[in-house]
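Read off the chains here:
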Amino acid sequence: MLGGLLAWRWRWVVVVHLPAAAWGAFIELSGRLCPLTTLENHFRRRAGQAGYGEGFIEHYLLPIVYPEGLTRGTQLVLAGVVVAVNAVVYAGLWWRWRRSR
């Protein structure tokens, strides 16, 4: 959620973080499964393990990070908070870069 703050220290992080954040927001907001989840399940099955039907976030992070009884509405709010926080951070970073010129 706060990956944009790394760009305040290391400018090159913007090149990595913005595409990754955009992809994560797209996957989360569209309700799609990340292709990496499909790939993980493929390799799990090849290793003789069971795959899982839900996405990576639901499988690994929901029990740890998200509140119990997460609804689609709550999921959208959480995604909105992540996008808003990063938008504010990058707006401040852009302003800082522009001012230093």
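Higher on the page you've got the structure.
Residues numbered from 1 in each chain as written. Predicted model: local features only at pLDDT ≥ 70, side-chain atom pairs only at ≥ 80, totals over all residues. Heavy atoms only, no water.

A.B. asks: What's the story with the pattern of salt bridges in this structure? I'm lost.
C.D. replies: Working definition: two side chains of opposite charge can pair if their charged atoms are close together. In total, this model carries one salt bridge according to the counting rule given. A salt bridge links R44 to E40, with the nearest nitrogen and oxygen atoms 3.2 Å apart. You can see R44 and its partner E40 sitting in helix α3 (residues 35–46), four residues apart, about one turn around the helix. On the accessibility criterion, E40 (21% relative accessible area) is partly exposed. (Salt bridge = Lys/Arg side-chain N within 4 Å of Asp/Glu carboxyl O. Helix = DSSP H or I, 4+ residues; strand = E, 2+ residues; numbered from the N terminus. Buried < 20%, exposed > 50% of the residue type's maximum accessible area, 1.4 Å probe, protein only.)

A.B. asks: What should I look at first to understand the packing of aromatic side chains in this one?
C.D. replies: Geometrically, a pair of aromatic rings is defined through the distance of the ring centres and the angle of the planes. Summed over the entire model, instances satisfying the criterion amount to one aromatic pair. Pairing W23 with F26 gives two aromatic rings, centres 5.8 Å apart and planes at 40°, and the pair type is tilted. One end of the pair, W23, and the other, F26, are both in helix α2 (residues 13–30), three residues apart, so they sit about a helical turn from each other. The class of W23 is partly exposed, set by a relative accessible area of 41%. (Phe/Tyr/Trp six-rings, centres within 6.5 Å; stacked < 30°, edge-to-face > 60°.)

In short, the description is geometric, and any link to function would need to be established separately.
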